[in-house]
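Inside the fold
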Amino acid sequence: MTDFSVVDADDVGDIYAGTTVPGEFRPLTAALGAEQLAITLIRVPPHSDFEQGTGHYHEEVEELYVVARGTLTMRFGDEVLEVGPGAVARVAPHTRRSHRNEGDEPVELWAISRRIEPEDAVKIDEFWEASPRAAQQRASRD
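Now for a look at the structure at hand.

It is worth spelling out the environment of Lys123 at this point. Mapped onto the elements, Lys123 comes out in strand E10 (residues 121-124). Aside from chain neighbours lying at most four places away, what touches Lys123 is Thr54, Gly55 and His56.

Turning our attention to the packing of aromatic side chains. Per the counting criterion, the structure on display carries 1 aromatic pair. On the basis of an interplanar angle of 45° and a centroid distance of 5.3 Å, the ring pair of Tyr16 and Phe25 is categorised as tilted.

The next thing to look at is the pairing of strand E9 (residues 107-114). Judged from the 8 bridges that link them, strand E2 (residues 37-44) and E9 form a sheet pairing that is antiparallel. Each residue of the ladder has a partner; that of Arg43, found in E9, is Glu108. One ladder, built from 6 bridges, connects strand E4 (residues 63-69) with E9; its direction is antiparallel. Across the sheet, residue Glu63 finds its bridge partner in E9, namely Ser113.

So, on to the sheet that holds strand E7 (residues 88-91). As summarised here, the arrangement of the 5 strands in space is E1-E2-E9-E4-E7, forming an open sheet in which the pairing is antiparallel. Only two strands of the sheet have a single partner each, and these edge strands are strand E1 (24-27) and E7. Averaged over all pairs of adjacent strands, the angle between their axes in this sheet comes to 20°, without regard to strand direction.

Further remarks concern the pattern of salt bridges. Two side chains of opposite charge can pair, provided their charged atoms sit close to one another. With the rule as written, the count across this model stands at 11 salt bridges. Here Glu60 makes a salt bridge to Arg114, at a shortest N to O gap of 3.8 Å. Taken together, the residues span a long stretch of sequence, with Glu60 in the loop between strand E3 (55-58) and E4 and Arg114 in strand E9 at a distance of 54 residues. Linking Arg90 and Glu62 is a salt bridge whose minimum nitrogen-to-oxygen distance equals 3.1 Å. In this pair, Arg90 sits in strand E7 while Glu62 sits in the loop between E3 and E4, placing the two residues 28 residues apart along the sequence. Note on Arg90: relative accessible area 51%, which makes it exposed.

Okay, the nonpolar core next. Tyr65, Leu72, Met74 and Leu109 are the most contacted members of the largest nonpolar core, which totals 13 residues. Elements with a contribution of two residues or more to this core: E2, E4, strand E5 (72-76), E7 and E9. Not counting chain neighbours up to four residues away, the residues in contact with Tyr65 comprise His56, Met74, Ala87, Val88, Ala89, Val91, Arg97, Leu109, Trp110 and Ala111.

Cut-off values and rules
Residues numbered from 1 in each chain as written. Predicted model: local features only at pLDDT ≥ 70, side-chain atom pairs only at ≥ 80, totals over all residues. Heavy atoms only, no water. Helix = DSSP H or I, 4+ residues; strand = E, 2+ residues; numbered from the N terminus. Contact = heavy atoms within 4.5 Å. Phe/Tyr/Trp six-rings, centres within 6.5 Å; stacked < 30°, edge-to-face > 60°. Pairing = 2+ DSSP bridges. Axes fitted to C-alpha atoms, helices over the stretch in contact; angles between N-to-C directions. Salt bridge = Lys/Arg side-chain N within 4 Å of Asp/Glu carboxyl O. Buried < 20%, exposed > 50% of the residue type's maximum accessible area, 1.4 Å probe, protein only. Core = buried A, V, L, I, M, F, W, Y, C linked by side-chain atoms within 4.5 Å.

Shown next, in the form of structure tokens:
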């Protein structure tokens, strides 16, 4: 390993490619060879309910969300906020969270946290109502 690394985020695989989840999810941690930090680029198209009404929390990890472009509707616990470009949200462990793009502009979001193995994310299937204006809806659960 060298003392530095530079990665173009668009050269890192998109986890959501070929799925019904809108947008992009590009984890850069491994490509960078990062040992202490985790970083992911998340792109959310206009009118997209990224997690389709689901959410998640972490057992140990505190996260930072940097909104580089666009405005997200973010839910932290029971509070819903509009978070615009240039804003940074810090979310403590155990805080339930999710986000969606209810606007007309694409959103670019960077998620940054301490790297731990194994990952400690816990998915919440029924966190909030899926956005009624979203271009897609949650898959039915038969």
